[in-house]
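Residues per chain, in single letters:
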Amino acid sequence: MVDFLTSRTFASYTNYAPSTNQQNNTLASLATLKRYSQDQKYRKQLTREADANARDGLLFNVKESVPELRMTERRTFMGLCCQNCTFTSRESLVKKTTENLALINVLNHEVAFKSGFLSRTFSHVFQVSQLKRYAFPQVANLVLRDDRVKKAVERVAVQQLKDSDSTEDEFYQELIKKNQARAKKLVSDMRSTLSDFLLRFTSWILYKLLPCFMNSVVVHPGQVDMLKQASKTNLPLIFLPLHRSHLDYILLSFILLNNDIRSPLVAAGDNLRIPFFGSLLRGLGAFFIKRRIDPMMGRKDHVYKAVLHTYMNLCLRSGHNIECFLEGGRTRTGKPCMPKYGVLSVIVETFMDGTIEDALLVPVSLNYEKLIDGNFIKEQLGEPKKMETFGDALKGIWHVLNSSYGSMRVDFNQPFSLRELIKTFDQNNKISNPNVSARVLKSNPSTNSLYGTDVVSEEHKSLVENISKHVIYDCAQSTSVMSTNALAFLLLSKFRQGITLQKLVVAFEDLKKDLELSRRDVGFSGDAVDVINYAVELLGPALVKKEKLNGEDTIKPIAILPNVIELSYYSNSLVTHFALESVIALALSVAEIRLNTVSQDDLMENALELCSFFQYEFLFCKPCQNLEMVITSCIDDLIIRKEIFLPEAESNELVRRSRNIARQFEDDDEEEPFQKLYKINTSKEAMENVKYMAHILMPLIEAYAITGFTLETLVQRQLLESELVASVLKEMKEQLATGSLNYDESVAVDPVKNALKLYQKLGILECHQEGKLRLYYLKEAYDNSESVKLFYNKVNKYRTGNLLIQ
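Reading guide: rules and limits
- Residues numbered from 1 in each chain as written.
- Predicted model: local features only at pLDDT ≥ 70, side-chain atom pairs only at ≥ 80, totals over all residues.
- Heavy atoms only, no water.
- Helix = DSSP H or I, 4+ residues; strand = E, 2+ residues; numbered from the N terminus.
- Buried < 20%, exposed > 50% of the residue type's maximum accessible area, 1.4 Å probe, protein only.
- Contact = heavy atoms within 4.5 Å.
- Areas by Shrake-Rupley, 256 points an atom, 1.4 Å probe, with all protein chains shown as cover.
- Pairing = 2+ DSSP bridges.
- Axes fitted to C-alpha atoms, helices over the stretch in contact; angles between N-to-C directions.
- Patch = residues over 30% accessible without salt bridge, like charges linked within 9 Å, V, L, I, M, F, W, Y side chains within 5 Å.
- Salt bridge = Lys/Arg side-chain N within 4 Å of Asp/Glu carboxyl O.
- Lys, Arg positive; Asp, Glu negative; His and termini not counted.
- Charge placed at Lys NZ, Arg CZ, Asp CG, Glu CD.
- Phe/Tyr/Trp six-rings, centres within 6.5 Å; stacked < 30°, edge-to-face > 60°.
- Lys NZ or Arg CZ within 6 Å of the ring centre and 35° of its normal.
- Core = buried A, V, L, I, M, F, W, Y, C linked by side-chain atoms within 4.5 Å.

### A closer look at the overall build of the protein
Right, so step 1: If you tally the helices and strands in the protein, you get 33 helices and 17 strands.
Right, so step 2: Within the protein, the fraction of its 806 residues that count as buried is 51%.
Right, so step 3: Considering only residue pairs separated by 6 or more positions, the protein has 79% of its internal contacts joining residues 24 or more positions apart.
Right, so step 4: In the structure as shown, the protein presents an accessible area of about 40500 Å², 53% of it carried by carbon and sulfur atoms.

### Let's talk about the environment of Ile532
Right, so step 1: As for its placement among the helices and strands, Ile532 is situated in helix H23 (residues 528-539).
Right, so step 2: For the pair Ile532 and Phe508, spaced 24 residues apart in sequence, the C-alpha separation works out to 8.3 Å.
Right, so step 3: Once residues within four sequence positions are removed from consideration, Ile532 is found in contact with Leu487, Leu501, Leu504, Val505, Phe508 and Ile555.

### A look at the sheet that holds strand S17 (residues 773-778)
Right, so step 1: If you trace the three strands from one edge of the open sheet to the other, you get S15-S17-S16, paired in antiparallel fashion. Each edge of the open sheet carries a strand with a single partner, namely strand S15 (719-720) and strand S16 (765-770).
Right, so step 2: Relative to S17, S16 runs antiparallel, the two sharing six bridges. Across the sheet, residue Gln769 finds its bridge partner in S17, namely Arg774.
Right, so step 3: Its contacts with the sheet place helix H32 (residues 749-761) against S16 and S17, and it is angled at close to 115 degrees to S16.

### Focus on the pairing of strand S2 (residues 216-219)
Right, so step 1: Here S2 shows two buried faces, one formed by Ser216 and Val218 and the other by Val217 and Val219.
Right, so step 2: Here strand S1 (residues 104-105) pairs with S2 via two bridges, running antiparallel. The residue bridging Ile104 from the neighbouring strand is Val219, located in S2.
Right, so step 3: In the sheet, S2 pairs with strand S8 (residues 407-412) via three bridges, with the strands oriented parallel.

### Things to note about a negative patch on the surface
Right, so step 1: There is a patch of like negative charges on the surface, built from Glu509, Asp510, Glu516, Asp527 and Asp530.
Right, so step 2: Considering each element in turn, the negative patch owes the most residues, three residues, to helix H22 (residues 501-517).
Right, so step 3: Inspection of the secondary structure assignment puts Asp530 in helix H23.

### Remarks on the packing of aromatic side chains
Right, so step 1: For the structure shown, the criterion picks out 19 aromatic pairs.
Right, so step 2: Taken together, a centroid distance of 5.7 Å and an interplanar angle of 55 degrees make the contact between Phe287 and Tyr311 tilted. In this pair, Phe287 is assigned in strand S5 (residues 286-289) and Tyr311 in helix H14 (residues 302-317), connecting sequence segments 24 residues apart.
Right, so step 3: We classify Phe287 as buried; its relative accessible area is 0%.
Right, so step 4: Here Tyr311 falls in the buried class, since its relative accessible area comes to 4%.
Right, so step 5: Ring pairs connect the aromatic residues Phe614, Phe618, Phe620 and Tyr704, which therefore count as one cluster.
Right, so step 6: Its guanidinium or amino end placed over the ring of Tyr304, Lys290 lies 4.7 Å from that ring's centre, counting from NZ or CZ.

### Re the sheet that holds strand S12 (residues 552-557)
Right, so step 1: Strand order in the open sheet formed by three strands is S10-S12-S11, and the pairing between neighbours is antiparallel. The strands lining the two open edges of the sheet, one partner per strand, are strand S10 (499-500) and strand S11 (544-549).

### Comments concerning the nonpolar core
Right, so step 1: Counting residues in each nonpolar core, the largest one holds 111 residues, and the members touching the most others are Ile631 and Phe645.
Right, so step 2: It is helix H25 (residues 579-589) that provides the largest number of residues to this core, a total of eight residues.
Right, so step 3: Not counting residues up to four positions away in its chain, the partners in contact with Ile631 are Leu580, Ile584, Met604, Ala607, Leu608 and Cys611.
Right, so step 4: With 69 residues, the next largest nonpolar core counts Tyr341, Ile347, Phe416 and Ile467 among its residues.

### Quick notes on the pattern of salt bridges
Right, so step 1: Scanning the model with the defined rule gives 22 salt bridges in all.
Right, so step 2: For Glu465, the salt bridge is made with Lys469, and the minimal N-O distance between the two is 3.2 Å. In this pair, Glu465 and Lys469 are both assigned in helix H20 (residues 461-478), four residues apart and thus about one turn of the helix distant. Of the two residues, Glu465 and Lys469, both sit in the buried class.
Right, so step 3: The partner of Lys548 in a salt bridge is Asp553, and the shortest N-O contact between them spans 2.9 Å.
Right, so step 4: Of the residues examined, Lys548 reaches a relative accessible area of 58% and is grouped as exposed.
Right, so step 5: Of the residues examined, Asp553 reaches a relative accessible area of 25% and is grouped as partly exposed.
Right, so step 6: Put simply, Asp514, Glu581, Asp637, Arg641 and Lys642 are held in one network by salt bridges that share partners.

### A word on helix H15 (residues 342-352)
Because each turn of an α-helix spans 3.6 residues, side chains separated by three or four positions in sequence point in the same direction.
Right, so step 1: With ten of eleven residues buried, H15 lies mostly within the body of the structure.
Right, so step 2: The set of residues buried in H15 consists of Gly342, Val343, Leu344, Ser345, Val346, Ile347, Val348, Glu349, Thr350 and Phe351.
Right, so step 3: The positive-phi residue at the C-terminal boundary of H15 is Gly354, with phi of around 85 degrees.

Dropping the structure here:
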């Protein structure tokens, strides 16, 4: 009370006191400060109590409830080697931080700011000057001195002497000199002149030219780091990339060179040995081999076989890395091709004979947003392939430099030991079950590849085949999906009649989630709308049309010949990924369905039949896997992700009894033996998924069916391959005009040729080859219309399945 009265007295006095009197203000402020200090203490106490109550409440919430976690999106790290075949290799070369590294664009090279002015100004010159120098020993002059080549020359000379019915020693010596001269020419034509200076100069040129037509060349630094660690083992690295463009081997060498990894020698087809460009490629590491060898003459060409084997043997022994394309040539369809085993067979034989103690195989996946080398439309429509010429090369380069091709993605798989892989395959062959091996799909080796020269011994051919298929499978699984692949796949398999942009965005996001669940990486990022618009612009109006309908943006594919052939090229990268799911959907469409259930045996039988039909199109599993188990696993996955089949909520026993009761009404007294049944989900969404998956492989089904139908033209006659293929394409175009054929992309040469290989393997067709000509005719037992129609119906039934996919 005293404080209150004192404060009011001083306040009144202050109001009437002269303003020059500062003592009154001082006295008033002292009282105020005293009161303020007490208030502050009281407020601090209340604040401490409130904070304590808040902490107690927060602690209670943490204990009683799970807080929401915000997980950052992690990019899938692809390319780890097979855990079944190469367990030791899988555990090596990978660090804890490898998977978390961000992607990099190798075209974006900048010198650190602390570097000198000249280094920053001429950054690319500075970069190539700082690269690690490697010695690239030339071994061509040692080939002719090798005992293998000398014995081959003598062997051929002796055989030629016998064929001439002459016994004169002078003639024999002439034959020796003639074959020695041929061996020398083969070495001269084959050899590489890999040059460190030319590599560096070309690297500088590429730094300048690549940005002119490409946005980026993207690699994963973790994968590059694995290669660096592998190169320190002093074992030869065998790079085995998929082949999509002539730019593949140039860019691979560019990436390796600029990461201080020894550039490889590249096995190139002799069709590239053209003026100037052939010499340039030779200086960048190319050594030229024959692309096609006559299967009869090739087996007798001991000189060529010896020269090739010796040259590669010496290269590996001297420390060179090797790069070869197992597919042989570039893919014409966008799908990985079946392997040709020539160069790899030499490498395996080099290991087997002890020349090298081991080698590290490096599968490499490459993908482009837009194909650089052209679209192969003319070849797919039946026109013969044109040989590369100097003029064509100049025109191609000029066209490329004045175009835009988006981005390129390179994925280096984890290097794995050839020794370990061979050891695993040998063990598996010894303990394999003969009953299971009957389910393994085996295709015949290419008669046109170097495999036909008997470079590898008979006992190792199966081993080389398994390694080759394993590598191709690994490459296909680790190939990044580009924006154009995803867009083309959705438009051709799901929205052929067009779709609004809004609905396409939803489908695009769903597809991306499917790929991520399957551990497939995508080569794009950002909002789906922006990615789709970017892909539409990149593909161009010749392939994809964008227009406004009813005020909404609508996107529609140009799904007619010839444009659809190029669009299907981009789509096929994902067709390979979803091929097995499509096989199951097609198998379901012809299976016996009762009470909305299908037996596992029936579904499996149809699926295995389809896999055998498409054995020249896809590799459905690795050689170390069992196909039946892979199909079963895929079915289980469809139960969870796509809900095509319902989970086993009901007992299989109850379903079995229901089916037996139904059989009683059919006057069938025999009780059906127990077998696993799948309950089909008949909801609209599930049926739409089945229809969508079945349509993925329907263009191939149509191509194979019509090829089988056209075989009737061979009854009691023979046709050259070119004439037979032309006849099939003509029939396809006629059915397309009448509406009997639904998919324009079925009209293509590659699936027709693969279908002919299939019918040949099934024992319906015979093929007689002389030089480059192939003559087809029906086997005697099937040289009638009834037999041909029987085999045609085996494939055609999948075109006319039940209403599930109509």
